[in-house]
Amino acid sequence: MPNPDTGVAAVRRAFEKAVRVHGYVDYREAYSWASDVDEAITSIERLLRDGQAAAVIGLCESALKSLAGAIESVDDSDGHFVGLRDRLEDIHYRACLEARSDPAGLAKRLFQLELRSDFDVLSGAAERYAGILGTEGMQAYRALAESEWAKVPARTAKHAESEWGARFRITQIMESLARASGDIEELVAVMGRDLSSAYNYWQIAQVYREAGEHDKALFWAERGLGEFPKHTDARLREFAAEEYHRRSRHDDALKLIWAQFAERPFLATYETLEKHAKRAGAWPEWRERALAEIREQADDSTLVEIFLHEGNNEDAWREAVAGGCADRLWLRLAAMREEEHPEDAVPIYLKYGEAGVAATTDGRYEDPVRLLIKAAAVMKRLERSAEFERHLEGLRARYKIKRNFIKLVEEKRKSLYLA
């Protein structure tokens, strides 16, 4: 009869061989590396199916450590690590369910792995493993966590924003314990240990809102805005504004949203202001105030962008002609006007077509030639094809050294020479 330890040892060696990185695994090699690791994980899972749950627990814990260590030397642009980690964690959980090992011992190992490992290894273990750990295991886990938590100082607006690393992980652990207990005040007490940014207040307010405790939610939102009144987290302002609307305090809501808009008068904040002002039934007056603010603070592109957003195409065109706008907006304007005002679209397509040819250095002229094709079609409608062809011949002479451009023009000849 084969010795089961021999099989376990062989699987352990196979995994360590597969996960080991010599030097650095670049992007081209990463898929092959991940496939080998995945195959080694299949061997661990096979041991679980063969009834060796106790051995699999140790194998998975060792494998998770090795995987987290190795991934720092792998180009994981395609995200292989997450799938491999999650698969090992799933096998570990199933093995723990089957083996029913010492709860206190399991709690200690789970805690140490979660606290000491990077890349969210066994993140949220207290919630996931609560049923396996039972009362004894959860008490042991909590004792370890609270001992570590006692070393973590409170942070306020006077401090820099939260650090990552060990502090972040013990905070996650304590939050997981609080969620497992179902005690919302315990969860808030944990989150309230770090109030170094407006974002932290927003998170706590969210917890209370999700629990249906809207008065407490607003209290924390207002407290955060008091600590961070200027250039604060936009989510916190919007959260408080929503709570004000809930209470029909529309003026208070709009005061907050206006502050956000005035700090950053762009399309996104204009849209937010529009949403809240319409909810209060006061958009026309707030719109005029917002447009005046943009004329005073922002560049002309913002007004053009806003008018396009609203479908005020003529206003957008007038603003662009009067004050100019960003290149991307000129091309949107050309596309918008070519049907009813083709004479307005022509100079834009010609200008940006030539500019694209002049600026291209990688030999890819598809985009500028596409603009020239648009110009050719519009000028044909205007019976100006001969004029376009003279312009194109001028470009060919001016940029004859750009051989890929000349080649592409020949390939697209039927779409360009329409006279």
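One can find the structure itself at the top, above this paragraph.
For every chain, the first residue of the written sequence is number 1, and numbering continues from 1 along that sequence. Totals for whole chains, interfaces and linings use all residues, but because this is a predicted model, local features are given only for residues with pLDDT of at least 70 and pairs of side-chain atoms are given and counted only at 80 or more. Here the side-chain values reflect all heavy atoms present in the structure, with hydrogen atoms and water set aside.

Asks: Mind showing me how you'd approach the environment of Glu383 here?
Replies: Only DSSP runs of H or I with at least four residues qualify as helices, and only runs of E with at least two residues qualify as strands; both kinds are numbered from the N terminus onward. Mapped onto the secondary structure, Glu383 falls in the loop between α20 (366-381) and α21 (385-398). C-alpha of Glu383 to C-alpha of Ala419: the two residues are 36 residues apart in sequence and 8.6 Å apart in space.

Asks: What exactly am I supposed to notice about helix α7 (residues 130-149) here?
Replies: Because the α-helix completes a turn every 3.6 residues, residues three or four places apart line up on one side. With 20 residues, α7 should reach 28 Å at 1.5 Å per residue; the first-to-last C-alpha distance of 19 Å falls well below that figure. The angle between axes fitted to the seven-residue stretch ending at a residue and the seven-residue stretch beginning at it gives the bend at that residue. Bending of α7 peaks at approximately 80° at the position of Glu136. Residue exposure (1.4 Å probe, protein chains only): buried if accessible area is under 20% of the type maximum, exposed if over 50%, otherwise partly exposed. For α7, every residue scored as buried is listed here: Ile132, Leu133, Gly137, Met138, Ala140, Tyr141, Ala145, Glu148 and Trp149. Here a residue-residue contact requires only that any non-hydrogen atoms of the pair lie within 4.5 Å. Each element contacted by the buried residues of α7 is listed here: α4 (80-99), α5 (103-116), α6 (125-128), α8 (166-181) and α9 (184-191). How far a helix is expected to stretch is found by multiplying one less than its residue total by 1.5 Å.

Asks: Would you mind showing me how to read the pattern of salt bridges here?
Replies: Between side chains of opposite charge, pairing is possible as soon as their charged atoms come close. Any Lys or Arg side-chain nitrogen found within 4 Å of a carboxyl oxygen on Asp or Glu counts as a salt bridge. Tallied over the entire structure, the rule returns 37 salt bridges. For Asp86, the salt bridge is made with Arg85, and the minimal N-O distance between the two is 2.9 Å. The salt bridge involving Arg209 is made with Glu243; its shortest N-O contact spans 3.1 Å. Taken together, the residues span a long stretch of sequence, with Arg209 in helix α10 (residues 198-210) and Glu243 in helix α12 (residues 234-246) at a distance of 34 residues. The buried category is assigned to Glu243, whose relative accessible area is 0%.

Asks: Just checking my understanding: could you explain the environment of Ala9 for this structure?
Replies: Mapping Ala9 onto the fold places it in helix α1 (residues 4-19). Sequence spacing of Ala9 and Leu59 is 50 residues, and the spatial spacing of their C-alpha atoms is 9.3 Å.

Asks: Can you help me understand helix α11 (residues 214-227) in this one?
Replies: Under the 1.5 Å per step criterion, the end-to-end length of α11 is 20 Å for 14 residues, consistent within 8% with the ideal 20 Å. Among the residues of α11, those classed as buried are Ala217, Leu218, Trp220, Ala221, Gly224 and Leu225. One side of α11 holds all its buried residues, which, seen down the axis, span an arc of 160°. In α11, the exposed positions angled more than 90 degrees off the buried face are occupied by Asp215 and Gly226. The inward-facing, buried residues of α11 abut α9, α10, α12 and α13 (250-263). By arc we mean the arc of the directions from the helix axis to the C-beta atoms, nothing more.

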